[in-house]
Amino acid sequence: MKTKQQLLTKGWVVALLALVCCTLWGSAFPSIKIGYKLFKISSADTGTQILFAGLRFILAGVLTIIIGSFAQKKLLLPERKDLTNILKLCMFQTVIQYFFFYVGLAHTTGVKGAIITGTNTLIAILAASLIFHQETLTTQKTVGCLVGFAGVILANLNGSSIDFDIKLMGEGFMLISATSYALSSIYIKKYSKDSNPVMLSGYQFAVGGIILTFVGILMGGTLTEVNVAGVGMLVYLAFVSAAAYSLWGILLKHNPVSKVTVYGFMNPVIGVLLSAILLKEGAQAFSLKNMIALTLVAVGIYAVNRRNIKTKE
């Protein structure tokens with residue numbers, strides 16, 4: 001057991017496993033849009049988009065609990081004190097985040113979705129400092145947040161102006177989703193002090209997925225074009241959440257938070273590259289504007305975390 005723990009703290013192992021997580025998360029952007037095509041879900045069919053998300057996260061919750069139980073060699077079950085925390089987490093990490101994520105991604109490109117989602121680390125820093133007072137908002141952190149936000153603005157530039165006229169259900173919803181995820185990160189950091197983070201993620205996925213499924217059905221959502229390829233993509237997306245969150249939780253258990261989370265800036269990078277390849281958005285992904293925007297987001301995230309990386313490595 002000691003040898004396993006020592007292995008999980010080695011720099012190259014952390015880097016390799018963290019990048020596996022980022023690759024899985026990055027692949028979700030184009031995979032969701034491909035899933036819409038396979039199930040023939042139109043961008044206007046919000047109910048079915050939410051139903052699709054709900055089914056994904058019910059499966060993700062089951063898989064996360066199975067993976068976590070296997071890793072712990074015992075069935076992961078929540079205690080009474082965990083129930084309220086699981087409900088709070090599922091609202092921010094699954095219900096609110098993915099309601100706006102799925103609808104927003106259907107109304108924007110995978111490239112922009114990946115870039116905007118990459119700002120959730122910056123939003124988390126602001127929320128932790130200004131709302132929850134968990135840390136101090138230093139000049140360095142402020143500059144990092146401003147640089148990252150500049151990247152978001154640049155990603156939305158249309159010519160010489162920012163296009164907000166028809167983007168609310170696209171980029172606007174993606175920003176709401178990113179904010180919800182940022183808040184969930186703060187809560188899971190708080191609640192995981194006394195509870196298993198993999199257990200919390202698994203059950204909040206399952207509960208959140210059930211809620212999203214019912215919301216989708218109430219909104220008239222239905223999967224009429226069920227096929228093997230579509231089901232396979234749904235299972236893959238569930239696996240993405242289950243495997244990535246479980247692996248991420250294991251890394252956080254054996255390493256300082258900053259040593260692991262610094263790799264999160266790779267999510268938008270990988271998301272953009274995979275969107276370019278799988279969605280044929282290469283022209284947009286590799287345009288000078290989006291390359292600069294993506295660089296600003298990555299530099300902003302690095303600037304916010306630079307001091308922690310040096311002192312807690």
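It should be noted that the structure appears before, not after, this text.
Residue positions are given per chain, counting from 1 as you read along its sequence in written order. Per-residue local features are limited, in this predicted model, to residues with pLDDT of at least 70; the limit for side-chain atom pairs, both in listing and counting, is 80 or more; totals at the level of whole chains, interfaces and linings are taken over all residues. Based on all heavy atoms of the structure, the side-chain values leave hydrogens and waters out of the count.

Let's talk about the packing of aromatic side chains
Stacked, tilted and edge-to-face are the three classes assigned to paired rings of Phe, Tyr and Trp, where Trp is represented by its six-membered ring and a pair needs centres within 6.5 Å; plane angles under 30 degrees give stacked, over 60 edge-to-face, the rest tilted. With the rule as written, the count across this model stands at nine aromatic pairs. Taking 5.9 Å as the distance between ring centres and 65° as the angle between the ring planes, the aromatic pair formed by Tyr36 and Phe52 counts as edge-to-face. Linking Tyr36 in helix α2 (residues 11-38) with Phe52 in helix α3 (residues 46-72), this pair joins segments that are 16 residues apart in sequence. Of the residues examined, Tyr36 reaches a relative accessible area of 6% and is grouped as buried. Ring-pair connections join several aromatic residues into one group, and the members of that group are Phe57, Tyr98, Phe101 and Phe205. A run of H or I in DSSP counts as a helix once it spans at least four residues, and a run of E counts as a strand once it spans at least two, with each numbered from the N terminus. To sort residues, take the accessible area from a 1.4 Å probe on protein chains only and compare it with the maximum for the residue type: under 20% means buried, over 50% means exposed, and anything in between is partly exposed.

Some thoughts on a positive patch on the surface
Here, patches come from residues exposed beyond 30% relative accessible area and free of salt bridges, joined within 9 Å for like charges and within 5 Å for nonpolar side chains (Val, Leu, Ile, Met, Phe, Trp, Tyr). Accessibility throughout is a Shrake-Rupley quantity obtained with a 1.4 Å probe, and a residue counts as covered only by protein chains that appear here. When a carboxyl oxygen of Asp or Glu lies within 4 Å of a side-chain nitrogen of Lys or Arg, that pair is called a salt bridge. For the charge count, each Lys or Arg is scored as positive and each Asp or Glu as negative, with His and the chain ends excluded. Positions of charges follow a simple convention, taking NZ of Lys, CZ of Arg, CG of Asp or CD of Glu. A cluster of basic residues, Lys88, Lys189, Lys190 and Lys193, forms a positive patch at the surface. Tracing the backbone shows Lys189 in helix α8 (residues 168-191). According to the relative accessible area criterion, Lys189 is partly exposed, its value standing at 49%.

What to know about the side chain of Thr94
Examined against the element boundaries, Thr94 turns out to sit in helix α4 (residues 82-106). Here Gln204 takes part through its side chain, which lies 2.6 Å from a polar atom of the side chain of Thr94. A 3.5 Å cut-off defines polar contacts: any pair of N or O atoms within that distance qualifies, except that in protein one atom must be a possible hydrogen donor and the other a possible acceptor, and neighbouring residues in sequence count only when both atoms are side-chain atoms.

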